[in-house]
Amino acid sequence: METLDVKKENGIGWIYLNRPDKLNAINLKMINEIDSILKDFETDNEIRVVIFTGKGKAFCAGADISQFKELNTMTAWNFARKGRELMDYIERFMKPTIAMINGYALGGGLELAMACDFRIASEDSMLGLPEINLGIYPGFGGTQRLVRLVGKPKAMEIMMTGDRIRADEGERIGLINKVVTKESLEEETLKFAAKLLEKSPLILSILKNIILYGNDSPIVDGLNMESLGWGYVFSTEDEKEGVDAFLNKRKPNFKGK
Ligand code: CO8
């Protein structure tokens, strides 16, 4: 791949954004390559968790600004739409996703991280949606996802001032799940991923779906999805395995069935 490095290891699909000399700025090629590797990870039963991270000193400094010069209304709309579709795909991905933030996560880079289920950041990371400084605004879902994550006042401050915030501030406002030292970033992310790897991939996937769709629906619909899904879970082998393991004081071995 031209813009990514990819690795499959111990149940984890790693996606490294790999344009380090451009701080992993996202171009159309990268959007297409992420989409294609995710399709592969989705059907690979060995992969149970996906981790995004960046090569070099940044997670991702946003969309590639150098390509903006050629954009007009039609092509900008198309680029934003393609990016948005990718972020939606990541958000709805069947398997848990983690953004391992190793430095700057700005603009489209933070939007990519926000589309993931979890964000673990090294303490030196800087986060922001600085698009307003370029005379534009976030276009990969940031205007909607940041509000849902941190609430309107903070989201408006971050987007309308364009100011960057530190990772610990991100954790304080609920944008980041966990801040760790630079040296322990990978180890801590793997520890977090290990908790997910122990669970039933099937039940995790159903749970993720109910949380996401419920969050976008009136509460009565979300609650209905929850109870319907709860009934469905009792037809799975993993439910039988989990309950049997508890009653027999052993560790469950979930198969995703
Ligand atoms: N796009 C293209 N190139 C970039 C980007 C970027 N977003 N960010 C950094 N680079 C390049 C620099 O131009 C530089 O390249 P070169 O060495 O060839 O000059 C290289 O990466 C290293 O960057 P710096 O020298 O600037 O590194 P510093 O450590 O001095 O600064 C910063 C790091 C603070 C991260 C700085 O690079 C910066 O401010 N970058 C831009 C951040 C930004 O504004 N991001 C938002 C981009 S817009 C966006 O994401 C919109 C998403 C939705 C799009 C919808 C479609 C229309």
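Nothing here was measured: the structure is a model prediction, and the numbers come from that model.

## Regarding the domain arrangement of the protein
- Segmentation of the protein into domains returns domain 1 (4–197) and domain 2 (201–247).
- Placing the centre of domain 1 and that of domain 2 at their C-alpha centroids yields a distance of 27 Å.
- With 12 residues of domain 1 at the interface, the matching set in domain 2 holds seven residues.
- When domain 1 packs against domain 2, close to 820 Å² is buried across both sides, 48% of that on carbon and sulfur atoms.

## Quick word on the pattern of salt bridges
- Within this structure, the stated rule accounts for 23 salt bridges.
- The salt bridge involving Lys8 is made with Asp40; its shortest N-O contact spans 3.1 Å. Here Asp40 lies in helix H1 (residues 28–43) and Lys8 lies in strand S1 (residues 4–9), a separation of 32 residues in the sequence.
- Between Lys208 and Asp117 there is a salt bridge, with its nearest N and O atoms 2.9 Å apart. You can see Lys208 sitting in helix H8 (residues 201–215) and its partner Asp117 sitting in the loop between helix H3 (108–115) and strand S7 (118–122), a full 91 residues away along the chain.
- Here Asp117 falls in the partly exposed class, since its relative accessible area comes to 21%.
- Salt bridges linked by common partners bring Arg84, Asp88, Glu91 and Arg145 together as one network.

## Remarks on the packing of H3 against helix H4 (residues 142–150)
- Where H3 contacts H4, the two axes come as close as 10 Å, and the packing angle between them is 55°. In terms of their interaxial angle, H3 and H4 are classed as oblique. When you trace H3 past H4, the crossing you get is left-handed. Residues Glu111, Met114 and Ala115 of H3 pack against Gly142, Arg145, Leu146 and Leu149 of H4.
- Among the residues making up the contact of H3 with H4, the classes are represented as four nonpolar, one polar and two charged.

## Quick word on the sheet that holds strand S3 (residues 49–54)
- If you trace the six strands from one edge of the open sheet to the other, you get S1-S2-S3-S5-S7-S10, paired in mixed fashion. Either end of the sheet is taken by a strand with one partner, and the two such strands are S1 and strand S10 (178–180). The average undirected angle you get between the axes of adjacent strands in this sheet is 20°.
- Pairing of S3 with strand S5 (residues 97–101), which is carried by three bridges, proceeds in the parallel orientation. Bridge assignment links Ile51 to a residue of S5, and that residue is Ile98.
- The strands touched by helix H7 (residues 185–197) are strand S2 (12–17), S3, S5, S7 and S10; relative to S5, the strand with the most contacts, the crossing angle is about 170°.

Conventions adopted
Residues numbered from 1 in each chain as written. Predicted model: local features only at pLDDT ≥ 70, side-chain atom pairs only at ≥ 80, totals over all residues. Heavy atoms only, no water. Domains from an automatic or database assignment. Contact = heavy atoms within 4.5 Å. Buried area = accessible area lost by both parts, 1.4 Å probe. Salt bridge = Lys/Arg side-chain N within 4 Å of Asp/Glu carboxyl O. Helix = DSSP H or I, 4+ residues; strand = E, 2+ residues; numbered from the N terminus. Buried < 20%, exposed > 50% of the residue type's maximum accessible area, 1.4 Å probe, protein only. Axes fitted to C-alpha atoms, helices over the stretch in contact; angles between N-to-C directions. Parallel < 35°, antiparallel > 145°, perpendicular 65-115°, else oblique. Left-handed = near helix turned anticlockwise from the far one by under 90°. Nonpolar A, V, L, I, M, F, W, Y, C, P; charged D, E, K, R; others polar. Pairing = 2+ DSSP bridges.

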